[in-house]
Amino acid sequence: MNIFQELYNTNNNCIIIGDLNATLSEMGSTKTNARGKQLQQLLNEGFIECVEDDSPTFEVNGYEVKLDWILGSQPLLSFITNVETHPTIGTINGHKPLTFDITIGAEPKPTSPRLSLNFKAAKWTKFRTKLDQQLLLWNNDLSLNSPLDIEEHSMFITNSIMLATQEAIPTSTPTSKSYALGEASKSLITLKHQAYRRWKRTGDNIDKHQYYNSKLLLTNSLRNDRRDNLNKLMSSLCLKKMYSDKVWLTVRKFHRKRIKQTFTCNMTYNNTTATSDKEKADLFADYFENDVYSYTDDTLPFHDQVTSQANNLKNKRITSLNTPKWKQITIEEVKHHIKQLRNSSAGPDNIHNRCLKNSSELLIQHLTKLFNQILKQGYIPTNWKTANIILILKPKKDKQHPSSYRPISLLSCLGKLLEKIIKQRLMLELERKNILPEHQAGFRPGKSTIYNILRLERYAQDKLRCARRHSAVILFDIKAAFDSVWHDGLIYKLNDLRLLKYIINYLTSFLKNRTASIEIENVLSRQFNLKSGTPQGSPLSPLLYIIYTADSMNDIPTHTEHGLFADDTALWTSSNTMTYLSFRLQQSVDAFESWCKS
């Protein structure tokens, strides 16, 4: 009773359908059971009614009873017509399907802002021909001397790729996620339905026996179909030539990871409740703008100095006079990075990496020219700094609160291609100058998680065997680490490291005036500004975070070792006594905490 009352209070214009295990003598059953009495009490209160249909909905070994009910409130219940009870479908539990018509319309679901393309049916020769036709319309005599020229050229390239995509690559249609039925199962379903109708018409025990026999045969046949489909899936994962993406896609299916997120419940933030998809998207936008990607005013004198210098860099007009000579991006460099692209999701411009990997020589030339002008002027097109954010629910978190979701930024693939080129150049510069911490193993060539695990293990063994000392380790998980990066502080550090000028100019533009929208059920929120953080989904984000935190271990006492993997931090030390061990570890924790607050 309490559950029904709660459902009714949630939405008093509702239909409740299900197996209630309630029998009522007034509805054709031989007796009224305990749940039937509760149901009768509910109906007597009058705020919920039931459909007047006494057809048995459960049948086993000739025993028939009505256990499944259609309940609802008025006037919604009055729209229900053509209630029909059907024979059981391939199961042995005896429950029968109930169907009905309801003469009210549902609000049409908006189309997705992201194109879903059938790349298996793509005509790549036609794509390249159409792309070249469009690109030839560009006036090569035009020089890209201003941000407006860069915006115009980038938009021209985007539109050219999209026109070629629309002509040569069909959109994909949703496919059924259920497994394919064998011919034997299809035939048995027909025989079972025929036997059921014949038995109900004649009442003959032979027809009844044939019905139950065909139902049992169908159950075994469906089990065989499931087994055959699983064997086919496993065989496909054992081919000599295959991609790891396919393996992990299958693993995620079994573990229900990275499946499409649904937002069925109401969302609550700052005493505001959102019910519709648009309201939820805007509520998430409010949360991320105010609580995650926000800028916190600071009155510390040093922070004022940092902000002042960062503003000077952001507002500085870049000319050929104040930009030293730099190595320009080559066509071969662009080709190399295009070959390395993964088939990731497209950004707001709907350009896929598959289109770039199947592009023409002329497009490579246009991109090379555009990339070099972007680096020369230190200006990134606005569309490349706009993201659609999708949300992934964190394990064991409350679905109703925005903080329970991890944001993933879907960015322009054209912008990410240039980011990959800059990332490689920046990494070479950092390694050459030996800027990155020695024990930072995250996203660095030649290092992985095992690097610091082995260091910690060897340290503990050496202290125990050689010096008979106690060892202890403390692990830190920084909340919203990537999202909390202070833009002005990062720009200040990039300049303080004396990196190449064109890279600093590019990264300053990369962080400046970024915007995003939240995508929920194909609905986009209002656009909001990202005043902090590096976008999760950008190739540059991990490296920028590592640079930002490169000095985090500088003040750790010498008696303490440390290990880093991007935003994961571990501190460990040793001592002869547990008391002094605790004191040493606390010293190190205080030093790290002081850096975090500074």
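So, here is what we can say about the structure in this document. (Residues numbered from 1 in each chain as written. Predicted model: local features only at pLDDT ≥ 70, side-chain atom pairs only at ≥ 80, totals over all residues. Heavy atoms only, no water.)

As a further point, take the sheet that holds strand β5 (residues 68-72). Spatial ordering of the open sheet is given by β1-β5-β2, a layout of three strands whose pairing is antiparallel. Pairing within the sheet leaves two strands with one partner each, and these edge strands are β1 (15-19) and β2 (49-50). Sheet analysis places β2 next to β5, joined by two bridges and oriented antiparallel. Pairing of C50 across the sheet is with L71, part of β5. (Pairing = 2+ DSSP bridges. Helix = DSSP H or I, 4+ residues; strand = E, 2+ residues; numbered from the N terminus.)

Turning our eyes to something else, we now look at the packing of aromatic side chains. For the structure shown, the criterion picks out 22 aromatic pairs. Centre to centre, the rings of Y506 and F510 are 6.4 Å apart; their planes meet at 25 degrees, and the pair counts as stacked. Of this pair, Y506 and F510 both sit in helix α16 (residues 501-511), four residues apart, which is roughly one turn of the helix. Comparing Y506 with F510 shows no difference in burial state: the two are buried. Grouping aromatic residues by their ring pairs yields a cluster made of Y269, F284, Y287, F288, Y293 and Y405. Cation over ring: K493 sits above Y548, and NZ or CZ is 4.7 Å from the ring centre. Over the ring of F510 we find R514; its NZ or CZ atom is 4.5 Å from the centre of that ring. (Phe/Tyr/Trp six-rings, centres within 6.5 Å; stacked < 30°, edge-to-face > 60°. Buried < 20%, exposed > 50% of the residue type's maximum accessible area, 1.4 Å probe, protein only. Lys NZ or Arg CZ within 6 Å of the ring centre and 35° of its normal.)

What follows is about the nonpolar core. By size, the foremost hydrophobic cluster in this structure holds 73 residues, and its most contacted members are F127, I161, I169, F371, L426 and Y506. Tallying contributions element by element places helix α13 (residues 413-433) first for this core, with nine residues. Residues in contact with L426, not counting those within four places in the same chain, are L499, I503, L507, L540, L543 and I547. Listed in part, the 23 residues of the second largest apolar core include C265, M267, A387 and I520. (Core = buried A, V, L, I, M, F, W, Y, C linked by side-chain atoms within 4.5 Å. Contact = heavy atoms within 4.5 Å.)

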